[in-house]
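Structural description and commentary
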Amino acid sequence: MDASRLAVSQHTTPQGVRVLRLRGEIDRGSVGFVDWAFDNDRGDGRAPRTVIDFEHVTFMDSSGINSLVHAYRAAQESDGWLRLANVPPAVQRLLHIVGLDELLPTYATLQAALPS
């Protein structure tokens, strides 16, 4: 995994929503950091509700798609959900090409993606 190309930070909102903020490139060499964040068990017994903020993502390949599919399935199996925020046009196009835009709701801003 190449930490120089991707940074992942996360926090949990008071409502129990995990927010992952990504910065850089999501590819075969760096996607392990995203997978680790998805697999990092919260341990609080709540259904996983996650928003991924793509605002500073500059590139994503099929490795990122696979990671999103994994996260989506895990959330569904646990009665949770996965939402995407600030998705750049190139990434949005990739999501559309593979049909993930029909499964994963996208929001223009992080605030809009969070439940009120």
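Right above here is the structure, for reference.
Note that this is a predicted model, so its numbers are computed, not measured.

Let's talk about the environment of arginine 5
Tracing the backbone through its elements, the reader meets arginine 5 in the segment before strand E1 (6-12). What makes arginine 5 partly exposed here is its relative accessible area of 28%. Sequence spacing of arginine 5 and phenylalanine 59 is 54 residues, and the spatial spacing of their C-alpha atoms is 9.9 Å. With sequence-adjacent residues up to four places away left out, arginine 5 is seen in contact with Arg23, Gly24, Glu25, Asp27, Gly29 and Ser30. In this structure the side chain of arginine 5 is engaged in a polar contact, spanning 2.6 Å, whose partner is the side chain of aspartate 27.

As for the pattern of salt bridges
Scanning all chains against the criterion turns up three salt bridges. Between glutamate 25 and arginine 5 there is a salt bridge, and its shortest N-O distance comes to 3.8 Å. Taken together, the positions of glutamate 25 in strand E2 (residues 18-26) and arginine 5 in the segment before E1 put the pair 20 residues apart, joining distant regions of the chain. Residue glutamate 25 is classed as partly exposed on the basis of its relative accessible area, which comes to 29%. For arginine 5, the salt bridge identified is with aspartate 27, shortest N-O distance 2.6 Å. Taken together, the residues span a long stretch of sequence, with arginine 5 in the segment before E1 and aspartate 27 in the loop between E2 and helix H1 (31-39) at a distance of 22 residues. In this structure, a network of salt bridges that share partners links the residues Arg5, Glu25 and Asp27.

Concerning empty space enclosed by the protein
According to the stated counting rule, one finds one cavity of 30 Å³ or more in the structure shown. In this structure, the largest cavity occupies an estimated 40 Å³ of space. Listing elements by their share of the lining of the largest cavity, those giving two or more residues are E2, H1, strand E3 (49-60) and helix H2 (62-77). By residue class, the composition of the lining of the largest cavity is eight nonpolar, two polar and no charged.

Conventions and cut-offs
- Residues numbered from 1 in each chain as written.
- Predicted model: local features only at pLDDT ≥ 70, side-chain atom pairs only at ≥ 80, totals over all residues.
- Heavy atoms only, no water.
- Helix = DSSP H or I, 4+ residues; strand = E, 2+ residues; numbered from the N terminus.
- Buried < 20%, exposed > 50% of the residue type's maximum accessible area, 1.4 Å probe, protein only.
- Contact = heavy atoms within 4.5 Å.
- Polar contact = N/O pair within 3.5 Å; in protein donor to acceptor, adjacent residues only side chain to side chain.
- Salt bridge = Lys/Arg side-chain N within 4 Å of Asp/Glu carboxyl O.
- 1 Å grid on protein atoms, 1.4 Å probe; cavity = no way out; pocket = protein on both sides within 12 Å on 5 of 7 lines; lining within 4 Å.
- Points joined across faces, edges and corners; volume = space filled by probe spheres on them.
- Nonpolar A, V, L, I, M, F, W, Y, C, P; charged D, E, K, R; others polar.

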